[in-house]
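# Notes for the structure review
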Amino acid sequence: MLAATALLLRRCAVSGLHAAVRRPAAVLHARCYSHGSQESDEEFDARWVTYFNKPDIDAWELRKGINTLVGYDLVPEPKIIDAALRACRRLNDFASAVRILEVVKDKAGPHKEIYPYVIQELRPTLSELGISTPEELGLDKA
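Let us now look at the packing of helix H4 (residues 78-90) against helix H6 (residues 114-129). Running from N to C, H4 and H6 point in directions that differ by 25°, and their axes come no closer than 10 Å. It follows that H4 is roughly parallel to H6 by the angle criterion. In this structure, H4 meets H6 at a crossing whose hand is right-handed. On H6, the residues that touch Pro 78, Ile 81, Asp 82, Leu 85, Arg 86 and Arg 89 of H4 are Tyr 117, Val 118, Glu 121, Leu 122, Thr 125, Leu 126, Glu 128 and Leu 129.

This part covers the environment of Arg 90. Note that Arg 90 resides in helix H4. On the basis of relative accessible area, Arg 90 is assigned to the partly exposed category, the value being 38%. Separated by 35 residues in sequence, Arg 90 and Pro 55 have C-alpha atoms that sit 8.4 Å apart. Sequence-distant contacts of Arg 90, that is, excluding residues within four places in its chain, are made with Phe 52, Asn 53, Lys 54, Pro 55 and Ile 57. Here Lys 54 takes part through its backbone oxygen, which lies 3.2 Å from a polar atom of the side chain of Arg 90.

About the cut-offs
Residues numbered from 1 in each chain as written. Predicted model: local features only at pLDDT ≥ 70, side-chain atom pairs only at ≥ 80, totals over all residues. Heavy atoms only, no water. Axes fitted to C-alpha atoms, helices over the stretch in contact; angles between N-to-C directions. Helix = DSSP H or I, 4+ residues; strand = E, 2+ residues; numbered from the N terminus. Parallel < 35°, antiparallel > 145°, perpendicular 65-115°, else oblique. Left-handed = near helix turned anticlockwise from the far one by under 90°. Contact = heavy atoms within 4.5 Å. Buried < 20%, exposed > 50% of the residue type's maximum accessible area, 1.4 Å probe, protein only. Polar contact = N/O pair within 3.5 Å; in protein donor to acceptor, adjacent residues only side chain to side chain.

Take a look at the structure:
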């Protein structure tokens, strides 16, 4: 029984292979990686600001959002980081707030001008919320 099934599968695979070889392949002029619509930068920022501004966000959702955001090939805009830091403050999670700033510095990578710009834009929020930067805490010397 198993041998008969294997033989049948082999015949189907071979006949399918011959059929594929005989037919010319269609040329695609555009690659379609996704069927969804493209999201603009403003829509992306608004989606994440809205996510972190949820009044009932919990610690797990905060970490999940940050981890998802970090997975993208970008440095988040200061307004997204601002919303995330305010969510940390609502949760009284100082450690996550500092960790977010560390991640932003890491995401900036070799582009040394990005992190100071982000800190400059976030300085009023950091002062208002009483959050110290990793440099102010001496964490950059480790």
